[in-house]
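Understanding the architecture of this molecule
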Amino acid sequence: MADIDIKRSHTLGTSGARSAVEKVAARLHEKLNVSTQWSGDTLHFEGNGADGKIHVQDEQVHLALNLNFVLKSMKGWIRNEAEKYLDKYLAPAGN
């Protein structure tokens with residue numbers, strides 16, 4: 001079970017959501033120094049103290065994030081950051 005599990009609905013379609021997830025991945029890299037790799041419609045990431053995946057579907061994105069012992073103390077902040085960026089990048093154009 002992931003330490004942080006977030007699902008977000010969207011109206012971007014798979015292609016648009018993949019582009020949005022790329023932006024979220026850039027933020028994950030910046031904040032947590034993770035490396036990323038796509039496998040089908042799932043972006044896998046791993047780095048210093050965090051690993052997980054973001055699965056993209058036509059109408060939903062699912063983030064599952066595992067944290068090491070040190071980062072678990074920052075779980076609330078990390079969750080808020082992840083939610084903020086998912087909401088920002090998955091919002092329809094013009095919002």
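Bear in mind the structure is a predicted one, so any value in this text is a computation, not a measurement. (Residues numbered from 1 in each chain as written. Predicted model: local features only at pLDDT ≥ 70, side-chain atom pairs only at ≥ 80, totals over all residues. Heavy atoms only, no water.)

Here we come to the overall build of the protein chain. When you go through the protein chain residue by residue, the secondary structure sums to 3 helices and 5 strands. For the protein chain, the N- to C-terminal ordering of α and β elements is β-α-β-β-β-β-α-α. Radius of gyration (C-alpha) of the protein chain: 12 Å, near the 12 Å computed for a compact globule of 95 residues. At a minimum sequence separation of 6, the contacts of the protein chain that also span at least 24 residues come to 51%. (Helix = DSSP H or I, 4+ residues; strand = E, 2+ residues; numbered from the N terminus. Rg over C-alpha atoms; globule rule 2.2 N^0.38 Å. Contact = heavy atoms within 4.5 Å.)

This part covers the sheet that holds strand S3 (residues 42-47). Taken together, 5 strands build an open sheet; the order of strands is S1-S5-S4-S3-S2 and the sheet is antiparallel. Two strands lie at the open edges of the sheet, namely strand S1 (4-9) and strand S2 (34-39), each paired on one side alone. Averaged over all pairs of adjacent strands, the angle between their axes in this sheet comes to 15°, without regard to strand direction. The pairing of S3 with strand S4 (residues 50-56) spans 6 bridges and is classified as antiparallel. Note that in S4 the partner of His44 across the bridge is Lys53. Packing against the sheet, helix H1 (residues 13-32) makes contact with S2, S3, S4 and strand S5 (60-67), and its axis sits at approximately 170° to S4. Along the sheet face, helix H3 (residues 75-90) touches S1 and S5 and points at about 15° away from the line of S1. (Pairing = 2+ DSSP bridges. Axes fitted to C-alpha atoms, helices over the stretch in contact; angles between N-to-C directions.)

Bringing the pattern of salt bridges into the picture now. Applying the stated criterion across every chain, the model contains 6 salt bridges. Across the pair Arg8 and Asp87 runs a salt bridge whose closest N-O atoms are separated by 2.6 Å. Here Arg8 is found in strand S1, whereas its partner Asp87 is found in helix H3, with 79 residues between them in sequence. Judged by its relative accessible area of 39%, Asp87 falls in the partly exposed class. One continuous salt-bridge network, built from bridges that share partners, spans Arg8, Arg79, Glu83 and Asp87. (Salt bridge = Lys/Arg side-chain N within 4 Å of Asp/Glu carboxyl O. Buried < 20%, exposed > 50% of the residue type's maximum accessible area, 1.4 Å probe, protein only.)

Here the focus is empty space enclosed by the protein. Any space left empty among the atoms is revealed by the rolling of a water-sized probe across them. Within this structure, the stated rule accounts for 1 cavity of 30 Å³ or more. Taken as a whole, the largest cavity encloses approximately 110 Å³ of empty space. Lining the largest cavity are Val24, Arg27, Leu28, Lys31, Leu32, Trp77, Ile78, Glu81, Ala82 and Tyr85. Secondary-structure elements contributing two or more residues to the lining of the largest cavity are H1 and H3. Along the lines of polarity and charge, the residues of the lining of the largest cavity split into 7 nonpolar, no polar and 3 charged. (1 Å grid on protein atoms, 1.4 Å probe; cavity = no way out; pocket = protein on both sides within 12 Å on 5 of 7 lines; lining within 4 Å. Points joined across faces, edges and corners; volume = space filled by probe spheres on them. Nonpolar A, V, L, I, M, F, W, Y, C, P; charged D, E, K, R; others polar.)

Glancing now at the packing of aromatic side chains. Applying the stated criterion across every chain yields a total of 1 aromatic pair. Centre to centre, the rings of Tyr85 and Tyr89 are 6.2 Å apart; their planes meet at 15°, and the pair counts as stacked. In this pair, Tyr85 and Tyr89 both sit in helix H3, 4 residues apart, roughly one turn of the helix. Accessibility expressed as a relative area gives 10% for Tyr85, which makes it buried. Positioned above the aromatic ring of Trp38 is the side chain of Arg18, whose terminal nitrogen or guanidinium carbon lies 3.9 Å from the ring centre. (Phe/Tyr/Trp six-rings, centres within 6.5 Å; stacked < 30°, edge-to-face > 60°. Lys NZ or Arg CZ within 6 Å of the ring centre and 35° of its normal.)

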